[in-house]
Number of protein chains: 2
Amino acid sequence: MPDQISIGLMGLGVVGVSVANAIDAKAEVIKARVGCPVVVSRALVRDIGAVRSNLRNSVELTTDPDIILNDPEIAIIVELMGGEQPTLDYINQAISNGKHVVTANKEVLAKHGPELFKAAADKGVMVRFEASVGGGIPIIGPLMNDLAANDFTAVNAVINGTTNYMLTRMASDSNLDYQMVLKEARDRGYAEADPSADVDGIDAAFKLGILASIAFHCTVRDTEVFREGIRRLSPADFAYASELGYTIKLLATARRTHGRIQARVHPAFLPEDHPLAKVDGVYNAVELEGDLVDSAMFQGPGAGAEPTTSAVLADIMAEAHSIANGERLPVHMSDNNGLVVEPIDDLETKYYLRLRVYDRPGVLAQITTVFGDLEVSLASFIQKEVGELGDVAEVVITTYVAKESAVQEAVRQLEALDSVSEVSNLVRIEEQSASLARGGQPKREGD
Amino acid sequence: MPDQISIGLMGLGVVGVSVANAIDAKAEVIKARVGCPVVVSRALVRDIGAVRSNLRNSVELTTDPDIILNDPEIAIIVELMGGEQPTLDYINQAISNGKHVVTANKEVLAKHGPELFKAAADKGVMVRFEASVGGGIPIIGPLMNDLAANDFTAVNAVINGTTNYMLTRMASDSNLDYQMVLKEARDRGYAEADPSADVDGIDAAFKLGILASIAFHCTVRDTEVFREGIRRLSPADFAYASELGYTIKLLATARRTHGRIQARVHPAFLPEDHPLAKVDGVYNAVELEGDLVDSAMFQGPGAGAEPTTSAVLADIMAEAHSIANGERLPVHMSDNNGLVVEPIDDLETKYYLRLRVYDRPGVLAQITTVFGDLEVSLASFIQKEVGELGDVAEVVITTYVAKESAVQEAVRQLEALDSVSEVSNLVRIEEQSASLARGGQPKREGD
């Protein structure tokens, strides 16, 4: 048993300070659990002179990463800088110096996870990353441990708090459009000055890639995740969704299907009784479907300094416990069972389309012919006069289950029709998730 | 690394067969994870001759527990018999023979957990029990590991599937009374012939005692959990609940408050937007409130052979991994920080009361005087003529936050009034859970 275990903290922003303070404030609990004290000995900062009045810890600050990465006393590097570079280099350096790593960096993991895990396994060090997905919600741990006996078939998630806040607002107030809720999200500190990582689904795609890779024991790169953001959603879409009995969410879903993996992030119409439809505001939720557990859902704050600290500290304690007790429990994400990601063209689901058409005889026949020729069956068809648009009317169509490639071809053909002014939006409709919706399975024993 | 790890299974009912079959079917996955094969070598049964056509495993059956408990080849005893005795004796014997234990037995844990964990720690063996609460929902693991950095303030749960099914049915159909939904639950296999463990809240109290003991690092005995069942709920209560904007659930809640623990199981009025209000049918959900994570909720199937197998198998793999790698990770529940359980009399919450009164002058004044004298403020007062009851009218009262002892005294005084025919029911009203309800907390970094 070592006298103490020292941590090098890379990044001392709001989360970094929160982690350092929590390690200080919870020293007794951590010691009882780990077996010896855990201390933050050094922290990498950009500016040593910056005021950090809320930092309780007497940690030594440096602007030189090598001082931390080469410190033989430091056993665990806790990386909270974010971004791809120079973070990736630092993590690689830490691993090759034999240090264990705790990171909250979804970008580095989504882009370079398999290589990092291989390097860590070769070197016999641990890399833990509970905070990279879902903030404080335990999700990596349950996937890798508590539910490890399951053969997973699906991961369905709302894992971007910023967009979920925006969509919740648009759903609740029909006067709010995309730009207005974006401004609101910025004012509340939920959205960045450049919101693209959130609103274009980039952040959600990183997280989904990580979850899918673990759940399906394969490598789902962020670039393989089909991705569509929320910029095109208008108040009209929310009005029609509500009229049709749906809620709009930025869905992140990965499924094992026909020997391939489906992985996609896009706005989706969810039935109002879908478990993810009820996840509002900046909250996140992840639903896992497995052969044994059927369905388990995890819900909580997907971001914020303290929830992130909850996850980072759990990882630190787990690694410190293993170090203190001479165990080695490398965390793998590099196993690959050869499953490949299915192209979005092969997706089969239901669709919602909103069109503007010139209100002239025969237009509906033209539209329905396009779908009919492509063997896409229509489930509903709503036409509304739009007064202020002159002779333009709004048409809303929902389809039965159809192939994405056929629906995309339909969109192209519709856009080429003289009678169609524009295809304003296309949103995929997700059927009820398999399991929670069944609302009950036979009870055989116990309670 | 041992050649293989052998399991002795005690109990080969539906869950036992499911566990044995899963260990067989998932042999490759388990081996990859543990490091060596895991096999079920022996199983304790009541009747060796019973037909078990669905058992895939070639396990040796015995009716003699000592053959399993004394088998030097067996490293892990998996107890799936249920009940307090003789199970407790078997588990104690297993521990004293140096065997690790996996159990789904909430009754034994709730009644004898601290003694078992002490014996296991003394002997250096592990006792794991993920399946004892919430079936396949990971909840013990997250409490002990993923959320271990948190100082927990509350555990709120719907953890009895049978009663949740019954209450969901009564809420959805005003023609159904308690006896009708009980019959329905029996017909579907959700309720036992003797339903008291479920409908009187005994099962939920066992589970809450286990959760509270872990969350608050203290010993909450099942006998210390205040317990009230669902037998008194009538269609009228559901009608009034709905009218007032509430849903009725059998709530299991434990809180750390004023240096004491509150632990209670009883029907409760939950606001319709309370996260637990949406958990329907036989599903279970547990919400944890901690200083860092704020709130995290876990939801899924609370019973059933396969979900239980998911939890049991996770425990088996964790213990087998530790055995194979020469680690010892005893699981504690015996630490005690001295917190004591608060008597129910000290509870402060809101209340719903339903009374039948003789419709005569002055009766309302008499009732309000009782509450006024006891300093219980009334929030609402509904009086309805009940035609078929002659001169009897139904009165429904809700209070502001009041002390349980004062409200119970009010009930006694009301029952003594000549003008009151009966106090038909009293149900506690739970305010919105602290955190999920806030619907969003400031976002400082990341997403």
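See the structure printed just above.
To start, this report covers the structure provided alongside it. Keep in mind it's a predicted model, so treat the numbers as computed, not measured. (Residues numbered from 1 in each chain as written. Chains lettered and ligands numbered in written order. Predicted model: local features only at pLDDT ≥ 70, side-chain atom pairs only at ≥ 80, totals over all residues. Heavy atoms only, no water.)

**Here we look at the relation of the copies chain B and chain A**
Related by rotation about an axis and a shift along that axis, the two copies of the chain form a pair. Where we set the bar: All copies are superposed by least squares; the fitting set is the C-alpha atoms of residues with a pLDDT of at least 70 in both. Any two residues whose heavy atoms approach within 4.5 Å are treated as being in contact.
Rotating chain B by 180 degrees and moving it 0.0 Å along the rotation axis overlays it on chain A with an RMSD of 0.1 Å. Classification of the inter-copy transformation places it as that of a two-fold axis. The rotation axis passes nearest to the C-alpha of B:Phe298 in chain B, at a distance of 2.4 Å. When the interface residues of chain B are mapped onto chain A, 100% of them again lie at the interface, so the same face is used by both copies.

**Regarding the pattern of salt bridges**
Stated precisely, the cut-off is as follows: Only one rule defines a salt bridge in this text: a Lys or Arg side-chain nitrogen within 4 Å of an Asp or Glu carboxyl oxygen. Counting from the N terminus, the helices are the DSSP runs of H or I reaching at least four residues and the strands are the DSSP runs of E reaching at least two.
Applying the stated rule across the entire model yields 50 salt bridges over all chains. For A:Glu184, the salt bridge identified is with A:Arg169, shortest N-O distance 2.5 Å. Placement of A:Glu184 in helix 8 (residues 178–187) and of A:Arg169 in helix 7 (residues 161–172) is noted, with a sequence separation of 15 residues between them. Across the pair B:Arg42 and B:Asp71 runs a salt bridge, and its minimum N-O distance is 2.8 Å. Here B:Arg42, found in strand 2 (residues 38–44), pairs with B:Asp71, found in the loop between helix 3 (65–69) and strand 4 (74–79); they are 29 residues apart in sequence, far enough to count as distant. Look at the salt bridges and you will find they share partners, linking A:Asp237, A:Arg354, A:Arg356 and A:Glu394 into a network.

**Concerning the packing of aromatic side chains**
Definition in use: Any two of the Phe, Tyr and Trp rings considered here, Trp counted by its six-membered ring, make a pair once their centres fall within 6.5 Å; the pair's planes then place it as stacked at under 30 degrees, edge-to-face at over 60, or tilted in between. Type-normalised accessible area, obtained with a 1.4 Å probe on protein chains alone, sets the label of each residue: buried when under 20%, exposed when over 50%, and partly exposed for intermediate values.
Per the counting criterion, the structure on display carries nine aromatic pairs over all chains. Between the aromatic rings of B:Phe117 and B:Phe129, the centroid separation amounts to 5.3 Å while the plane-to-plane angle is 55 degrees, which identifies the pairing as tilted. Highlighted residues: B:Phe117 in helix 5 (residues 106–123) and B:Phe129 in the loop between strand 6 (127–128) and helix 6 (140–146), separated in sequence by twelve residues. For B:Phe117, a relative accessible area of 1% gives the class buried. These aromatic residues form a ring-pair network of at least three members: A:Tyr246, A:Phe269 and A:Tyr352.

**As for the sheet that holds strand 2 (residues 38–44) of chain A**
Residue and element names in this part refer to chain A. Threshold: Strand pairing follows a simple DSSP-based rule, namely that at least 2 bridges must link the two strands. Only the stretch in contact is used when fitting a helix axis, every axis being a line fitted to C-alpha atoms; angles between N-to-C directions are given from 0 to 180 degrees.
Taken in spatial order, the six strands of this open sheet run 3-2-1-4-5-6, and their pairing is parallel. Each end of this open sheet is capped by a strand with a single partner; those strands are strand 3 (60–62) and strand 6 (127–128). In this fold helix 1 (residues 14–25) packs onto strand 1 (5–10) and strand 2, with an angle of close to 165 degrees to the strand it touches most, strand 1.

**Details of the pairing of strand 9 (residues 246–257) of chain B**
Residue and element names in this part refer to chain B. Burial analysis of strand 9 places ten of its twelve residues in the buried class, the great majority of the element. With four bridges connecting them, strand 7 (residues 152–158) and strand 9 associate as antiparallel partners. Counted as the bridge partner of Asn 156 is Thr 253 from strand 9. Bridge count between strand 9 and strand 10 (residues 260–271): twelve bridges; the pairing is antiparallel.

**Quick word on the nonpolar core**
Here is the rule: The criterion is simple. A nonpolar core is a set of buried Ala, Val, Leu, Ile, Met, Phe, Trp, Tyr and Cys residues joined through side-chain atoms within 4.5 Å.
In this structure, A:Phe216 and B:Phe216 are the most contacted members of the largest nonpolar core, which totals 168 residues. A per-element tally of this core places helix 10 (residues 202–216) of chain B first, with ten residues. If sequence neighbours within four positions are ignored, B:Phe216 has contacts with B:Phe152, B:Thr153, B:Ala154, B:Val155, B:Ala254, B:Arg255, B:Arg256, B:Ile261, B:Asn337 and B:Leu339. Ranked by size, the runner-up nonpolar core spans 38 residues in total, among them A:Met126, A:Ala131, A:Ala311 and B:Ala149.

**Some thoughts on unusual backbone geometry**
All names here are of chain A. Across the junction of Gln 85 and Pro 86, the peptide omega takes the value 5 degrees, indicating a cis bond. Mapped onto the elements, Pro 86 comes out in the loop between strand 4 (74–79) and helix 4 (87–96). Phi angles above zero are rare outside glycine, and Asp 294 is one such case at about 70 degrees. Along the polypeptide, Asp 294 turns up in strand 12 (residues 294–301). Given a relative accessible area of 16%, Asp 294 falls into the buried group. With phi around 60 degrees, Glu 375 is a residue other than glycine that occupies positive phi space. Secondary-structure assignment places Glu 375 in the loop between helix 13 (363–373) and strand 15 (378–385).

**Let's talk about the side chain of B:Lys26**
This is how it is decided: Any N or O atom pair separated by 3.5 Å or less is treated as a polar contact, with the protein-specific requirement of one donor-capable and one acceptor-capable atom, and with residues adjacent in sequence counted only for side-chain atom pairs.
By secondary structure assignment, the location of B:Lys26 is in the loop between helix 1 (14–25) and helix 2 (27–34). Judged by relative accessible area, which is 12%, B:Lys26 ranks as buried. A polar atom in the side chain of B:Lys26 sits 2.7 Å from the side chain of A:Asp291. Residues contacting B:Lys26, with those up to four places away along its chain left out, are A:Ala149, A:Asn150, A:Asp151, A:Asp291, A:Leu292 and B:Leu313.

**Quick word on the packing of helix 7 of chain A against helix 8 of chain A**
Residue and element names in this part refer to chain A. To be explicit about the condition: In these notes the angle categories are as follows: under 35 degrees is roughly parallel, over 145 is roughly antiparallel, 65 to 115 is roughly perpendicular, and the rest is oblique. In this scheme, a crossing is called left-handed if the near helix is turned counterclockwise away from the far one by less than a right angle; it is called right-handed if the turn is clockwise.
Contact geometry of helix 7 with helix 8 gives a least axis separation of 9 Å together with a crossing angle of 130 degrees. As judged from the angle between their axes, helix 7 and helix 8 are oblique. Pair helix 7 / helix 8 crosses with right-handed handedness. Here Tyr 165, Met 166, Arg 169 and Met 170 of helix 7 lie close against helix 8, whose contacting residues are Tyr 178, Val 181, Leu 182, Glu 184 and Ala 185.

**Some points on the pairing of strand 10 of chain B**
Residue and element names in this part refer to chain B. The buried fraction of strand 10 amounts to eleven of the twelve residues, a majority that puts the element mostly inside the structure. Two strands pair when backbone bridges link them, and strand 8 (residues 226–227) and strand 10 are joined in this way by two bridges, in the parallel orientation. Its bridge partner lying in strand 10, Phe 226 is registered against Arg 264. Sheet topology note: the strand 10/strand 13 (residues 340–341) ladder contains two bridges and is parallel.

**Some remarks on the interface of chain B and chain A**
What counts is decided by this rule: Accessible-area loss on putting two parts together, using a 1.4 Å probe and summing over both, is the definition of buried area adopted here. In this classification, the charged set is Asp, Glu, Lys and Arg, the nonpolar set is Ala, Val, Leu, Ile, Met, Phe, Trp, Tyr, Cys and Pro, and all remaining amino acids, among them Gly, are polar.
Taken together, the 71 residues of chain B in the interface contact 71 residues of chain A. With both sides pooled, the region where chain B packs onto chain A buries about 5,600 Å², and carbon together with sulfur makes up 51% of that total. Across the salt bridge formed by B:Lys26 and A:Asp291, the nearest N and O atoms sit 2.7 Å from each other. Counting across the interface, chain B meets chain A through twelve residue pairs in polar contact (both at pLDDT 80 or more). When residues of the side of chain B that touches chain A are traced back to their parent elements, those giving at least two are helix 1, helix 6, helix 7 (161–172), helix 10, strand 12 (294–301) and helix 12 (305–324) of chain B. Per-element accounting of the side of chain B that touches chain A gives the leading share, nine residues, to helix 12 of chain B. Across the side of chain B that touches chain A, the residue classes break down as 27 nonpolar, 23 polar and 21 charged. Two elements, strand 12 of chain A and strand 12 of chain B, share three bridges in a ladder whose sense is antiparallel. Counted as the bridge partner of A:Gln299 is B:Met297 from strand 12 of chain B.

**Observations regarding the environment of B:Pro86**
For B:Pro86, a relative accessible area of 36% corresponds to the partly exposed category. Remark: the alpha-carbon pair of B:Pro86 and B:Ala379, spanning 293 residues in sequence, is separated by 51 Å.

**A word on the sheet that holds strand 4 of chain B**
What the six strands build is an open sheet, ordered 3-2-1-4-5-6 (chain B); its pairing is parallel. The strands lining the two open edges of the sheet, one partner per strand, are strand 3 (60–62) and strand 6 of chain B.

**Remarks on the side chain of A:Asn284**
Following the sequence through the fold, A:Asn284 ends up in strand 11 (residues 283–290). Of the polar contacts made by the side chain of A:Asn284, one reaches the backbone oxygen of A:Val282; its length is 3.5 Å.

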